[in-house]
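Examination of the molecular architecture
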Amino acid sequence: MKIPPARAFLPLLMLALAAHAADPVGPDKVVYHLSAGLEQASDGLRNIRNHLEVNPKARIVVVAHARGVDYLMKGAKDPNGNKYQDIVENLKNQGVRFDVCEITLRNRSLKREQFIEEATYVPSGVAEIARLQQREGYAYIRP
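So, a few notes on the structure that sits alongside this text.

Definitions and cut-offs
- Position numbers for residues count from 1 along each chain, tracking the sequence in the order it is written.
- With pLDDT at 70 or above as the cut-off, local features in this predicted model cover only qualifying residues; side-chain atom pairs require 80 or more to be listed or tallied, and sums for whole chains, interfaces and linings still use all residues.
- To get the side-chain values, take all heavy atoms of the structure and skip hydrogens and water.
- Classification of ring pairs rests on two measures: the distance between centres of Phe, Tyr or Trp rings, Trp counted by its six-membered ring, which must be within 6.5 Å, and the angle between planes, read as stacked under 30 degrees, edge-to-face over 60 and tilted in between.
- A helix here means a DSSP run of H or I that spans at least four residues, while a strand means a run of E at least two residues long, and both kinds are numbered starting from the N terminus.
- Three labels apply to residues, based on accessible area from a 1.4 Å probe with only protein chains included: buried if under 20% of the type maximum, exposed if over 50%, partly exposed otherwise in between.
- By construction, the arc corresponds to the directions joining the helix axis to the C-beta atoms.
- Residue contacts are defined here by distance: any two heavy atoms, one from each residue, within 4.5 Å place the two residues in contact.
- Lines fitted to the C-alpha atoms define the axes, with helices restricted to the stretch that makes contact. Angles between their N-to-C directions range from 0 to 180 degrees.
- Each angle is binned into one of four classes, with values under 35 degrees roughly parallel, values over 145 roughly antiparallel, values of 65 to 115 roughly perpendicular, and all other values oblique.
- Helix crossings get a hand from a simple test, with the near helix turned counterclockwise from the far one by less than a right angle marking a left-handed crossing and a clockwise turn marking a right-handed one.
- Residues are grouped as follows: Ala, Val, Leu, Ile, Met, Phe, Trp, Tyr, Cys and Pro are nonpolar; Asp, Glu, Lys and Arg are charged; every other residue, Gly included, is polar.
- Between any two strands, pairing holds if DSSP finds at least two bridges.
- Here, nonpolar core refers to any group of buried Ala, Val, Leu, Ile, Met, Phe, Trp, Tyr and Cys residues whose side-chain atoms link them within 4.5 Å.

If you walk through the whole model with that rule in mind, you get three aromatic pairs. For the ring pair Y71 and F98, a centre distance of 6.4 Å and an interplane angle of 65° mean the geometry is edge-to-face. Note that Y71 is positioned in the loop between β2 (59-64) and α3 (84-93) and F98 in strand β3 (residues 97-101), a separation of 27 residues in sequence. The class of Y71 is buried, set by a relative accessible area of 1%. By relative accessible area, F98 is classed as buried at 0%. When the centroid spacing of 6.3 Å and the interplanar angle of 85° are considered together, the rings of F115 and Y121 count as edge-to-face. Just as F115 is buried, Y121 falls in that class too.

What follows concerns α3. Those residues of α3 not exposed but buried are Y84, I87, V88 and L91. Here the buried residues of α3 occupy an arc of 95° about the axis, which is enough to place them on one side. For α3, the elements touching its buried residues are α2 (38-54) and β3. Directly beyond the C-terminal end of α3, a positive phi value near 100° is found at G95.

This brings us to the packing of α2 against α3. The geometry of α2 relative to α3 is characterised by a closest axis approach of 11 Å and an angle of 30° between their N-to-C directions. The angle between α2 and α3 places the two elements in the roughly parallel class. Of the two possible hands of crossing, α2 and α3 adopt the one that is left-handed. Taken together, the residues of α3 that come into contact with α2 (itself represented by L38, A41, S42, L45, I48, R49 and L52) are Y84, I87 and L91. Of the residues assigned to the contact of α2 with α3, the class counts are eight nonpolar, one polar and one charged.

The next point concerns the sheet that holds strand β4 (residues 119-122). Strand order in the open sheet formed by five strands is β4-β3-β2-β1-β5, with parallel pairing between adjacent strands. The open sheet terminates on both sides in strands that have one partner only, identified here as β4 and β5 (139-141). The average undirected angle you get between the axes of adjacent strands in this sheet is 30°. Note: strand β1 (residues 29-34) against β2, six bridges, orientation parallel. For K29, the partnering residue across the bridge sits in β2 and is R59.

Moving on: the environment of P143. As for its placement among the helices and strands, P143 is situated in the segment after β5. Judged by relative accessible area, which is 28%, P143 ranks as partly exposed. Along the backbone, P143 and Q40 are 103 residues apart, and their C-alpha atoms lie at a distance of 6.4 Å. If we skip the residues at most four places from it in the chain, P143 touches Y32, H33, L34, Q40, D43, G44 and N47.

We now examine the nonpolar core. Counting residues in each nonpolar core, the largest one holds 29 residues, and the members touching the most others are I48, V62, Y71, F98 and F115. For this core, the elements supplying multiple residues, two or more each, are β1, α2, β2, α3, β3 and β4. Leave out the neighbours within four places in its chain, and F98 touches L45, V62, Y71, L72, V88, L91, K92, E118, A119 and T120. With six residues, the next largest nonpolar core counts V31, I129, L132 and Y138 among its residues.

Okay, here's the thing in structure tokens:
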């Protein structure tokens, strides 16, 4: 039996690789880091919507600390007057998790009751980012 030359398999290999590259079946695992206030939150939420548009299976965690928690407070609105809560609720329904740093709450004298119900809490925002990156293999994005 004659074995075909390796170059006979090259077109099949190229086709398989092209099909794989064109179909991002994910899921990506990404942590978005928000710490700079409402403008950064607006940019980050837009980035997340775009990310989910091209990869709806992405696993996304948003970690907020310092002024980055402000968009998760009850009544917070974007520059167009839209409630951040509506955007967050929609993204949470798509599987996005929104973590708030408890050290920030303590340092800013904030209470959990001031935040929308979609928020979850972690002891330290920066420690959670490090944990997600090192122990769970999440990519890091800071809008």
